[in-house]
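# Understanding the architecture of this molecule
So the chains spell out like this:
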Amino acid sequence: MVAATHTTSEGWSSRWAFVLAAVGAAVGLGNVWRFPTLAGENGGGAFVLFYIGCVVLIGLPLVLSEILIGRAGRSDAVGSVRNVAAESGRSGGWATLGWVEVVAAFLILSFYSVVAGWVIYYAGVMGRDFFGTLFAGAPFAGALQGETTETIQQRMGDLFTNIPLLLAMHTVFMGITFAVVARGVHDGIEKAATYLMPAFFVLLIAITIYGAFLGNFAEAVAFLFTPDFSKLTAPAMNTALGQALFSMSLGSAALMTYGAYVSRETKLAPTAGMIAFADTGVAIIAGLMIFPIVFAVGLDPAAGPTLVFQSLPAAFQQMPAGSLVGFLFFVLIFFAALTSSISLLEAPTSWGINERGWSRPKSAFIFSFSAFVIGIACLLSLSVWSDIRLLGFWSIFAETNIFDTIDGFTGKVMLPVAALLTAIFVGWRADRKLVESETGLEGGLFGLWRFLVCWLAPIAVALILVFGLFPGLLGN
Ligand code: TRP
């Protein structure tokens, strides 16, 4: 038994505020940038199907598990796990789970802000173009007029070596994130989510309709939904699971942290369902937004991480009103990224407040500044530091720069480990009565959820973790 940690005094003003903030945390670069990229690289249909399976059978039960730890523990992720462990008569060592999650959130924030910086840059380029043509009397022009496709694609390479520009964008984004989190749960996080998320949804639907009419929608649908199971290799499955966890912000303290601000009256199970459903829906709609445009101009769906930043701007050049739509597209990604980075920063910030007694602005500053510094190493690794290997001794990271190593290590190692520990903790160690009353589930539904958390989630996550990290075990 250990002493309970200080509990939070902050809270959401309504259930909807919580849903919006949690959906805001879940919906981010992961949905609009990473999901289409990975689906493209891993062959489309089969990957998407396997991904949806991961969401329903592993992700959804874990979303509920994490929120309930937060609400039962009423502290930061570390403190909440410790409190629930204490209440269940278990070792304080379980706080390690909270630690893994908070550190994961902190590390993700560092490179997330760099990518969000690219988004700001492209929103700026497209915006300048749109407003330029607007004032020149040709508001419906394509984007980046007068540039060849090569020049447009070259932009990303130029951006990656332009250290002052990358640094400026990274600073702006981290600065905004800090400013929101420093204002608190009610005045900062909740306000940002209630403005940005509805705007995000409107833009998402509008651009998808645009693509459906003007792009190659049929090919996009065929690509995303026709499965070819030969493409579903062990590393692809590991990627899909890692992406499902990343996308729902699992294993990275967001849901535990936000869960602590949820009132006792809120029913957690339907709320968890809404979060998982909205997140997956947005990922698939994002695919249906991006691929019709990609196919319309004959680009490669498997372009990888450059898909959104290199291929799409070239596509927007050839599309009607491309500068306007391109501008709105990057504004949309910016909104999604901001509501996520807010939650990434809130996780360590709430630890500093609850466990160190720091004021909110001080805690937010300490963590945003240190994540900012690590982010600088990430952005330097795009050019001058590209040869530095953080985990070079490990085969899957032997070829990756600092940026990809932090991304890969959090996504492929830390999030699955945290998911595994969460399933074991909630399924096997936490007090069963406490868990049952927190879920609000009864009878068969509770039994089903418990089965998924106790058995399916830990076994599936463990298998995929082992085979994904050591592909040699499968003999290929
Ligand atoms: N879910 C976010 C996205 O899809 C990324 C993310 C992972 C995240 N873990 C998080 C966001 C924790 C907030 C908190 O972009």
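See the structure above.
All of the points below concern the structure found in this document. (Residues numbered from 1 in each chain as written. Predicted model: local features only at pLDDT ≥ 70, side-chain atom pairs only at ≥ 80, totals over all residues. Heavy atoms only, no water.)

## Some points on the overall build of the chain
A count of helical and extended segments in the chain gives 18 helices and 0 strands. Relative to a compact globule of 476 residues, whose C-alpha radius of gyration would be 23 Å, the chain shows 22 Å and is just as compact. Overall, the C-alpha framework of the chain stretches about 70 × 50 × 45 Å when taken along its three principal axes. Within the chain, the proportion of its 476 residues that are buried is 61%. Within the chain, contacts between residues at least 6 apart in sequence are counted, and of these 81% link residues at least 24 apart. Counting every atom, the chain has about 17200 Å² of accessible surface; 68% of that belongs to carbon and sulfur. Across the chain, 22 positive and 27 negative side-chain charges occur, with their mean positions spaced 9 Å apart. (Helix = DSSP H or I, 4+ residues; strand = E, 2+ residues; numbered from the N terminus. Rg over C-alpha atoms; globule rule 2.2 N^0.38 Å. Buried < 20%, exposed > 50% of the residue type's maximum accessible area, 1.4 Å probe, protein only. Contact = heavy atoms within 4.5 Å. Areas by Shrake-Rupley, 256 points an atom, 1.4 Å probe, with all protein chains shown as cover. Lys, Arg positive; Asp, Glu negative; His and termini not counted. Charge placed at Lys NZ, Arg CZ, Asp CG, Glu CD.)

## Quick look at the site of the ligand
Close to the ligand lie 16 residues, the nearest being A26, G30, Y112, F246 and S252. Contact distances for the ligand include 2.5 Å between an oxygen atom and a side-chain N or O atom of Y112. Contacts to the ligand include F246, whose backbone N or O atom sits 2.8 Å from a nitrogen atom. Only α1 (15–26), α2 (29–41), α5 (95–135), α10 (234–247) and α14 (322–356) provide two or more residues apiece to the shell around the ligand. Among the residues forming the shell around the ligand, the class breakdown is 8 nonpolar, 8 polar and no charged. (Near = heavy atom within 4 Å. Polar contact = N/O pair within 3.5 Å; in protein donor to acceptor, adjacent residues only side chain to side chain. Nonpolar A, V, L, I, M, F, W, Y, C, P; charged D, E, K, R; others polar.)

## A look at the packing of α5 against helix α15 (residues 360–380)
Put simply, α5 and α15 touch, their axes get as near as 8 Å, and they point 60° apart. As far as their axial angle goes, α15 and α5 are oblique. You can see that α5 and α15 cross each other, and the crossing is right-handed. Where α5 abuts α15, its residues F106, L107, L109, S110, F111 and V114 lie against F367, S370, A371, I374, G375, C378 and L379. (Axes fitted to C-alpha atoms, helices over the stretch in contact; angles between N-to-C directions. Parallel < 35°, antiparallel > 145°, perpendicular 65-115°, else oblique. Left-handed = near helix turned anticlockwise from the far one by under 90°.)

## Some words on a nonpolar patch on the surface
Among the surface-exposed residues, W428, L445, L448, F451, W455, I459 and L463 lie close enough to one another that they form a single nonpolar patch of about 730 Å² accessible area. Tallying contributions element by element places helix α18 (residues 443–469) first for the nonpolar patch, with 6 residues. Along the chain, the position of L445 falls in helix α18. (Patch = residues over 30% accessible without salt bridge, like charges linked within 9 Å, V, L, I, M, F, W, Y side chains within 5 Å. Salt bridge = Lys/Arg side-chain N within 4 Å of Asp/Glu carboxyl O.)

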